[in-house]
Amino acid sequence: MKHLIDINRLEKAEIEKIISLAGEFKLGTRKSSVAEKTACLMFFENSTRTKISFDLAAQKLGMNVIHFDGATSSLSKGESRKDTFDNLSAIGIDTVIVRTTEDRFIDNSLKELALPLSFVNAGDGVTAHPTQALLDYFTMLHAFDSVAGKKVCIVGDIAHSRVAKSNFALLSKFGARLHAVAPGYFKPKEENFRVIYHDSLAEGIKNADVVMLLRVQKERLEGEFNAESYIEKYQLNSEILDKYAPNAILMHPGPVNRGVEITSELLDSERGKIILEQAKNGVFVRMAVLEMLG
Ligand code: CP
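What you see is a predicted model, and the numbers here were worked out from it, not measured in a lab.

Quick notes on the rules
Residues numbered from 1 in each chain as written. Predicted model: local features only at pLDDT ≥ 70, side-chain atom pairs only at ≥ 80, totals over all residues. Heavy atoms only, no water. Phe/Tyr/Trp six-rings, centres within 6.5 Å; stacked < 30°, edge-to-face > 60°. Helix = DSSP H or I, 4+ residues; strand = E, 2+ residues; numbered from the N terminus. Buried < 20%, exposed > 50% of the residue type's maximum accessible area, 1.4 Å probe, protein only. Pairing = 2+ DSSP bridges. Axes fitted to C-alpha atoms, helices over the stretch in contact; angles between N-to-C directions. Domains from an automatic or database assignment. Contact = heavy atoms within 4.5 Å. Buried area = accessible area lost by both parts, 1.4 Å probe. Salt bridge = Lys/Arg side-chain N within 4 Å of Asp/Glu carboxyl O. Polar contact = N/O pair within 3.5 Å; in protein donor to acceptor, adjacent residues only side chain to side chain.

Undergrad: How should I be thinking about the packing of aromatic side chains in this particular structure?
TA: What describes a pair of aromatic rings is the distance from one ring centre to the other and the angle between the planes of the rings. Within this structure, the stated rule accounts for 10 aromatic pairs. Both rings, one in Phe 44 and one in Phe 105, keep their centres 6.0 Å apart while their planes meet at 50°; by these two values the pair is tilted. Of the two residues, Phe 44 sits in the loop between β1 (38–43) and α2 (49–60) while Phe 105 sits in helix α4 (residues 105–110), which places them 61 residues apart along the sequence. Its relative accessible area of 36% is what places Phe 44 among the partly exposed residues. Between Phe 186 and Tyr 230, the ring centres sit 5.8 Å apart and the planes meet at 70°, which makes this aromatic pair edge-to-face. A residue pair is termed long-range when its members are at least 10 positions apart, and Phe 186 in the loop between β6 (177–181) and β7 (195–198) and Tyr 230 in helix α8 (residues 227–234) qualify at 44 residues. Note on accessibility: Phe 186 and Tyr 230 belong to one class, buried. By the ring-pair criterion, three or more aromatic residues cluster together here, those being Phe 44, Phe 68, Phe 85, Phe 105 and Phe 119.

This is how it looks when you write it as structure tokens:
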């Protein structure tokens, strides 16, 4: 594996290897083979979980970790992206972990580069967030041996969600039954996976094995968003979850907007605890990804 750009480009065997390695790192039975390498964290868009867990993952592997700050870098003096990356490679960076608002940022960058670098997509625009899908899958596998035949329902702003896209891509490879609940304005225009869409929250989550909520991404919306009507129809609380999906695990990639897609009482309840387990698992999955890149 040279880069991790999109789940669609991973073979099932590579995903299984990442999951297995993450399990070993979680158990503490695996040693790093990348301690001499240097990772550069390049976050052009805000992040808490992904940035901190990649940083910690790299440190746990014994890697050198460099933080690239776009605003104080020579990009702000007009240096091109190509020259920036070629200079980072020349200085000694092995892996660039990049979060950006630009769709396909890594593919666009790779076309230009003269020197070698490995890239990890830490979330690009509305396109892909592969390590989130991998850590979500890792977390699901702690609840079930396999997702084959399991009903996974993702609720919310599917159209702007790179998390939903990457999860659908991964889960479809492993035979999950994919459902989504979204108002028309949050349904994607194009859909590459066999996802069954519902307008009704109760109908969509009924007998689900996994219910995954998404934040409404106001920063990516073009028109006005009516929070009141969204909350009325799509907000999940304990009563609805217990009634329609009593056995489901409840997931959320974060950040959570308390009181919008989920009530505080559900988030803080026993059923909400797995959301922090997702964040914790992110460290081990990201260690596995960095180890695989070598
Ligand atoms: N899930 C996720 O990507 O969270 P951050 O934006 O905080 O990294």
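Undergrad: So what exactly am I meant to see when it comes to the sheet that holds strand β2 (residues 64–68) here?
TA: As a general point, the strands of a sheet are linked pairwise by backbone hydrogen bonds and lie either parallel or antiparallel. Sheet architecture is open: 4 strands sit in the order β2-β1-β3-β4, paired in parallel fashion. The open sheet is flanked by β2 and β4 (118–124), the only strands paired with a single partner. Shown here is a sheet whose adjacent strand axes are inclined to one another by a mean of 15°, direction ignored. Alignment of strand β3 (residues 95–100) against β4, held across 5 bridges, turns out to be parallel. Bridged to Thr 100 within β4 is Asp 124.

Undergrad: Where do I start with the domain arrangement of the protein chain in this structure?
TA: Interfaces are often sized by the amount of accessible area the parts lose when they come together. Partitioning the protein chain into domains gives domain 1 (7–129 + 280–293) and domain 2 (131–275). On a C-alpha basis, the centroid separation for the pair domain 1 and domain 2 is 26 Å. Contact residues are listed per partner, giving 30 residues for domain 1 and 24 residues for domain 2. With both chains or domains summed, domain 1 and domain 2 bury close to 2,300 Å², and 64% of this area falls on carbon and sulfur atoms. The tally of links from domain 1 across to domain 2 stands at 1 salt bridge.

Undergrad: Before we go on, may I ask you to explain the pattern of salt bridges in this structure?
TA: Opposite charge on two side chains makes pairing possible when the charged atoms of those side chains draw close. Tallied over the full model, the rule gives 13 salt bridges. Of the charged contacts in the structure, one is a salt bridge between Arg 99 and Glu 45, with a shortest N-O distance of 3.5 Å. Here the residue Arg 99 occupies a position in strand β3, and Glu 45 occupies one in the loop between β1 and α2, the gap between them amounting to 54 residues. Look at the salt bridges and you will find they share partners, linking Glu 24, Arg 30 and Glu 291 into a network.

Undergrad: What exactly am I supposed to notice about the environment of Ser 264 here?
TA: Along the chain, Ser 264 falls in helix α10 (residues 264–267). On the accessibility criterion, Ser 264 (32% relative accessible area) is partly exposed. The sequence separation of Ser 264 and Ser 238 amounts to 26 residues, and the corresponding C-alpha distance is 9.8 Å. There is a polar contact of 3.0 Å between the side chain of Ser 264 and the side chain of Arg 258.

Undergrad: Would you take a moment to explain the environment of Ser 53 for this structure?
TA: Looking at the secondary structure, you find Ser 53 in helix α2. The exposure class assigned to Ser 53 is buried, which follows from its relative accessible area of 5%. Residues Ser 53 and Ile 274, 221 residues apart in the sequence, show an inter-C-alpha distance of 17 Å.

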